[in-house]
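Survey of secondary and tertiary structure
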Amino acid sequence: MSALGKASGALKSVDYEVFGRRGLSVLSVVSVLALIVLCDYFPNQYTEQEAKKLGVVGWVKNTSQGTVTGQVQGPEERVNEMKSWLSKVGSPSSRIDKTNFSNEKEISKLDFSDFNTRY
């Protein structure tokens, strides 16, 4: 078991899907292509940063339906903090309508060594 798991007690895993709207505050005709790329990248960058700050592992990915999905693993209290962030905060200029959590369970070891964005 990793040092993360040993130091913090029970490990937890949960899948999530966030429904809402990603947005950027300023659009210009010249930068439309750049903003499309940024819109796809930056919301996940904030999720990745928050996960790393909290010390959880897993992944995040944009779906073709316009939602954000992923999995978080780590000490139970840290996973719960990440669940709260996914439900209430999210990336700047995004609007969260709802977040669904599924397959929440205690695990004996982490399946990931880091938190990253999948494409």
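Quick caveat, the model's predicted, so the values are computed rather than measured. (Residues numbered from 1 in each chain as written. Predicted model: local features only at pLDDT ≥ 70, side-chain atom pairs only at ≥ 80, totals over all residues. Heavy atoms only, no water.)

1. Observations concerning the overall build of the chain
Across its full length, the chain holds three helices and five strands. Counting from the amino terminus, helix and strand elements in the chain follow one another as α-β-α-β-β-α-β-β. Here the chain, with 119 residues, has 36% of them falling under the buried criterion. Considering only contacts within the chain whose residues lie at least 6 apart along the sequence, 74% involve residues at least 24 apart. Accessible area for the chain stands at about 7000 Å²; split by element, carbon and sulfur atoms hold 53% of it. (Helix = DSSP H or I, 4+ residues; strand = E, 2+ residues; numbered from the N terminus. Buried < 20%, exposed > 50% of the residue type's maximum accessible area, 1.4 Å probe, protein only. Contact = heavy atoms within 4.5 Å. Areas by Shrake-Rupley, 256 points an atom, 1.4 Å probe, with all protein chains shown as cover.)

2. Re the packing of aromatic side chains
In this structure the tally under the stated criterion is zero aromatic pairs. The ring of F101 carries K83 above its face, with NZ or CZ at 4.9 Å from the centroid. One Lys or Arg, K98, reaches over the ring of F19 and ends 4.8 Å from the middle of that ring. (Phe/Tyr/Trp six-rings, centres within 6.5 Å; stacked < 30°, edge-to-face > 60°. Lys NZ or Arg CZ within 6 Å of the ring centre and 35° of its normal.)

3. As for the environment of G20
Position of G20 relative to the elements: it lies in strand β1 (residues 11-21). Sequence separation between G20 and D97 is 77 residues, and the spatial gap between their C-alpha atoms is 4.7 Å. Apart from the residues within four sequence positions on either side, G20 is in contact with G66, R95, I96 and D97.

4. Topic: the environment of Y46
Relative to the helices and strands, Y46 resides in helix α2 (residues 32-54). Separated by 44 residues in sequence, Y46 and G90 place their C-alpha atoms 7.4 Å apart. Setting aside chain neighbours within four positions, we find Y46 in contact with W85, S91 and P92.

5. Description of helix α3 (residues 76-88)
Over its 13 residues, α3 runs 18 Å from end to end, which matches the ideal 18 Å to within 8%, given 1.5 Å per residue. For α3, the set of buried residues is V79, M82, K83, W85 and L86. Projected onto a plane normal to the axis of α3, the buried residues spread over an arc of 160 degrees and lie on a single side. Opposite its buried face, α3 presents the exposed residues E77 and K88, each directed more than 90 degrees away. Of the residues flanking the end of α3, it is G90, one or two places downstream, whose phi is positive at about 65 degrees. (Expected span 1.5 Å × (residues − 1). Arc of directions from axis to C-beta.)

6. Quick word on the confidence of the model for the chain
On average, residues of the chain carry a pLDDT of 79, and 75% of them reach 70 or more. Confidence, read as mean pLDDT per element, is least for helix α1 (residues 3-8) in the chain (46) and greatest for α3 (95). Within the model, pLDDT remains below 50 along residues 1-7, and this stretch shows eight contacts once partners closer than five positions in the same chain are excluded. Considering only residues more than four positions removed or in separate chains, one finds that residues 23-42, a stretch of pLDDT under 50, has 15 contacts. (pLDDT = per-residue confidence, 0-100.)

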